[in-house]
Amino acid sequence: MPTGPEASPVIRRGPLDWIEWVGNKLPEPALLFALLALLVALVSALGAAMEWSVQPVKPVLRTEMQLQPDGQMQQAPVLDARGVPQLDLVAQGDPVQPRSLLTVDGVYWMLSSALRNFAQMPALPLIFVAMLGIGLAEKFGFFSALMRWLALLTPRRLLTPAVVLLGATSSVASDAGYIILPPLAAALYLAVGRHPVAGMAAAFCGVAGGFGAGFFPTGGDSVLTGFAQDASRVMDPGYTVSILHNYYFKVGSAFTVMLAGWFVTDRIVEPRLNRHNPEDKAAAGDDTARTMALAPRERRALMGSLASLLAGLALVATLVLVPGMPLHGDGKPSLPSGRVATTTAVQLLPAGSEVEEGSTVLATEPFTVVADGAPRLLESPGPRWSHVIVPLIALLFLLPGLVFGAMNGVLRNQNDLADALNHGIRGIVPVLVMLFFLAQFVAYMGYSGLDRMLAYAGGSLLFQADLPIPLLVVAFVMVVVFGDFAMSGMLSKFGVLAPIFIPMFMIVGMSPELTTAAYRIGDSVVNIVTPLNSYLLIILVVFQKYRPKAGLGTLIALMVPYSIVLGVAWTLMLVLWMAVGLPLGPDAPLYYLPGT
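Residues numbered from 1 in each chain as written. Predicted model: local features only at pLDDT ≥ 70, side-chain atom pairs only at ≥ 80, totals over all residues. Heavy atoms only, no water.

When you look at the confidence of the model for the protein chain in this model, what are you seeing that I'm missing?
One rule of thumb: low pLDDT means the predicted coordinates there are not for detailed reading. Per-residue pLDDT for the protein chain has a mean of 81; in total, 85% of the residues score no lower than 70. Counted against residues more than four places away or in other chains, residues 1-12, with its pLDDT under 50, gives 4 contacts. (pLDDT = per-residue confidence, 0-100. Contact = heavy atoms within 4.5 Å.)

Explain the packing of helix α8 (residues 196-209) against helix α10 (residues 247-276) here, please?
Between two packed helices, what matters for the description is the angle formed by their axes and the separation of those axes. The interhelical angle for the contact between α8 and α10, taken along N-to-C directions, is 150°, at an axis separation of 10 Å. Put simply, α8 runs roughly antiparallel to α10. Remark: the crossing between α8 and α10 carries right-handed chirality. Note on element contacts: α10 touches α8 through G261, T265, E270 and L273, opposite V197, A198, A202 and C205. (Axes fitted to C-alpha atoms, helices over the stretch in contact; angles between N-to-C directions. Helix = DSSP H or I, 4+ residues; strand = E, 2+ residues; numbered from the N terminus. Parallel < 35°, antiparallel > 145°, perpendicular 65-115°, else oblique. Left-handed = near helix turned anticlockwise from the far one by under 90°.)

When you look at the side chain of N117 in this model, what are you seeing that I'm missing?
Checked against the element boundaries, N117 lands in helix α3 (residues 104-119). N117 sits in the buried class, given a relative accessible area of 11%. For N117, the side chain forms a polar contact with the side chain of Q440, separated by 3.0 Å. Those residues in contact with N117 that sit more than four places away from it in its chain are W109, A439, Q440 and A443. (Buried < 20%, exposed > 50% of the residue type's maximum accessible area, 1.4 Å probe, protein only. Polar contact = N/O pair within 3.5 Å; in protein donor to acceptor, adjacent residues only side chain to side chain.)

Looking at this model, I keep getting lost on unusual backbone geometry. Mind explaining?
Glycine aside, negative phi is the norm for most residues, and most peptide bonds take the trans geometry. The backbone of E51 shows a phi angle near 55°, a positive value even though the residue is not glycine. With respect to the secondary-structure elements, E51 resides in the loop between α2 (29-49) and β1 (57-61). A residue is classified by how much of its surface remains accessible, and E51, at 61% relative accessible area, is exposed. Notably, D587 is not glycine yet its phi reads approximately 55°, a positive angle.

Any chance you could explain the pattern of salt bridges here in plain terms?
Note on pairing: side chains with opposite charge can pair once their charged atoms come close. Counted under the stated rule, the structure contains 7 salt bridges. Taking the shortest distance from any N to any O, the salt bridge between D419 and K139 comes out at 3.5 Å. Of this pair, D419 sits in helix α14 (residues 414-427) while K139 sits in helix α4 (residues 123-139); the two residues are 280 residues apart in sequence, bridging distant segments of the chain. Residue class for D419 comes out partly exposed when judged on its relative accessible area of 30%. Judged by its relative accessible area of 39%, K139 falls in the partly exposed class. Between R426 and D419 there is a salt bridge, with the nearest N and O atoms lying 3.2 Å from each other. Its relative accessible area of 43% is what places R426 among the partly exposed residues. Because the salt bridges share partners, they merge into one network encompassing K139, D419 and R426. (Salt bridge = Lys/Arg side-chain N within 4 Å of Asp/Glu carboxyl O.)

Whenever I open this one, the packing of aromatic side chains confuses me. Can you help?
Summed over all chains, the structure comprises 15 aromatic pairs. Taken together, a centroid distance of 5.1 Å and an interplanar angle of 50° make the contact between F476 and F501 tilted. One end of the pair, F476, is in helix α17 (residues 469-483); the other, F501, is in helix α18 (residues 490-507), and 25 residues separate them in sequence. Of the residues examined, F476 reaches a relative accessible area of 2% and is grouped as buried. In this structure F501 comes out as buried when scored by relative accessible area, which is 18%. An aromatic cluster is present here, built from W109, Y444 and Y447 joined pairwise through their rings. (Phe/Tyr/Trp six-rings, centres within 6.5 Å; stacked < 30°, edge-to-face > 60°.)

Mind showing me how you'd approach the sheet that holds strand β7 (residues 346-350) here?
What holds strands together in a sheet is hydrogen bonding between their backbones, with the strands either parallel or antiparallel. Pairing is antiparallel across the open sheet formed by 3 strands, whose spatial order is β7-β9-β8. Of all the strands in the sheet, just β7 and β8 (361-363) have a single pairing partner and so form its edges. Direction aside, the axes of adjacent strands within the sheet are offset by 30° on average. (Pairing = 2+ DSSP bridges.)

Looking at this structure, I do not really get the packing of helix α6 (residues 159-169) against α10. What am I missing?
At their nearest, the axes of α6 and α10 sit 8 Å apart, and the two run at 135° to each other. The orientation of α6 with respect to α10, classified from their angle, is oblique. The interaxial crossing formed by α6 with α10 has right-handed handedness. Contacts between α6 and α10 pair T160, P161, V164, L165 and A168 from the former with A254, F255, V257, M258, G261, W262, T265 and D266 from the latter. Looking at the contact of α6 with α10 residue by residue, the classes come out as 9 nonpolar, 3 polar and 1 charged. (Nonpolar A, V, L, I, M, F, W, Y, C, P; charged D, E, K, R; others polar.)

Is there a simple way to think about the pairing of strand β2 (residues 63-67) in this case?
Each regular strand carries side chains that alternate between the two faces of the sheet. When β2 meets strand β3 (residues 73-77), the two strands line up antiparallel, connected through 5 bridges. By the bridge assignment, M65 is partnered in β3 with Q75.

Can you walk me through the nonpolar core in this structure?
What tends to happen in soluble globular proteins is that the nonpolar side chains get buried as a cluster. L558, M559 and L574 are the most contacted members of the largest nonpolar core, which has 142 residues in total. Aside from chain neighbours lying at most four places away, what touches M559 is A201, F204, C205, I528 and V529. With 6 residues, the next largest nonpolar core counts V316, V320, L392 and L396 among its residues. (Core = buried A, V, L, I, M, F, W, Y, C linked by side-chain atoms within 4.5 Å.)

How do you make sense of the environment of M325 when you look at a structure like this?
The topology assignment puts M325 in the loop between α12 (296-321) and β5 (330-331). Those residues in contact with M325, other than ones at most four positions away along the chain, are T318 and L319.

Listed below in structure tokens is the structure:
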């Protein structure tokens, strides 16, 4: 029998060990969604064979005649004690039954729609275009120089809040925050006589724990937007979610993360490190702060790029606010021909079938295709600026990135420009692969009807339970927290949860924007402690520079206070936000009110 360390069994002592073990057994996100799509096909066939059915329901505003200030009686929504409009749930239409994907027509549909399912994913063009600008700015070093300049500029007493806040806003720079900020913060703390590990922990708290916060829209926001909009249209086919749907909440969250991280670092973590691990300060020869300092050419390039960014913002403000400018007022996106894109349900009949008089016949061969109902706009009219947000984001990052690259000498020719544009796209290739299989999973749910059945059944149960929406929000945050120990990817996890929870919560009056805000909290606060976060190893390398014997368990234990305080403070902030009734972003309500 083998002996020695190699033969020692792995002992799992606690729930986190078991969750980590289960999570490690999960397949990669792309394969996971392929397996989920296969599972949907099997369940659809089983449900069709067993004749499952669910009664569709529709939330309707409860109204009553009320005396208005002008003395007239008018229909008005009934409000509860908190001023929230009340909803009634009414049956709508015939029971929904699953449609099997494992039939002749189902298999043909799966094969013929695979490319269309992928091409029509809302997240696909959003993340692709946004990453052109963000990736170029990252490649040429604009984000790196900006973070180093801000960190080195900060006074000693404001070092912790500045580091945490900078980390919370670094998600716009993809992975740069993980790589640059923790070692820089550790060196800065050591240089001013503070504990270097506390600086590393504060930076990691901001970068990972505040990942869902920040001052700028990110590539991840564009993917979340697409998922949320797809899921919301299960209940409301005309619902539109903007990339800025959580923008106000994100900005407020950045300051909440800053305050929570400041408190934990200065009142809990650093005093404990000074008591129990003062030897960490003895790390000799640490010249990170010196090597991270901006060279004179970098400093000039950064000032020039920031000036160009301000000029770009001023130009955008002019285009939006000045009458007669291209982005002022309302508009409607259109095709090159001047027509607008619409979608409509159809009836597929044998060729030559008689149709009702007045019906719109779309085709006669090889089938008679008849429009079933009025067409629906794919893109809703609205403020012109709201239709160009993603291109504006790309341009506003392209401009300072190009200026920085040119002034710093890294943009020398067209090959450098092409490589920088490709840089951001190369970084999202794994996301594109995942999106292909996720698109099939979402489409299969829609074809089979299982998405609507799950939403109607779960939503009806939630409605009957009559739980307060704040309690549902807190419960959903906890679902995301525990789910993060099994699937750490922000986008892949939302791809699984959004089609289930967003339609379900819409039935009880929660807006998709509110569900997404709650998701941001649950996903972010666990990033700093879940063993599934691959960036833990990068932070561990920084940790071991000051404490060579530190392991992954030591790092997780160091970050647990951050995770707990962040989770409580951030969730409380969202509950208070709801109590005040603030919108989550431009045209992003807290509650879903049918027909408004």
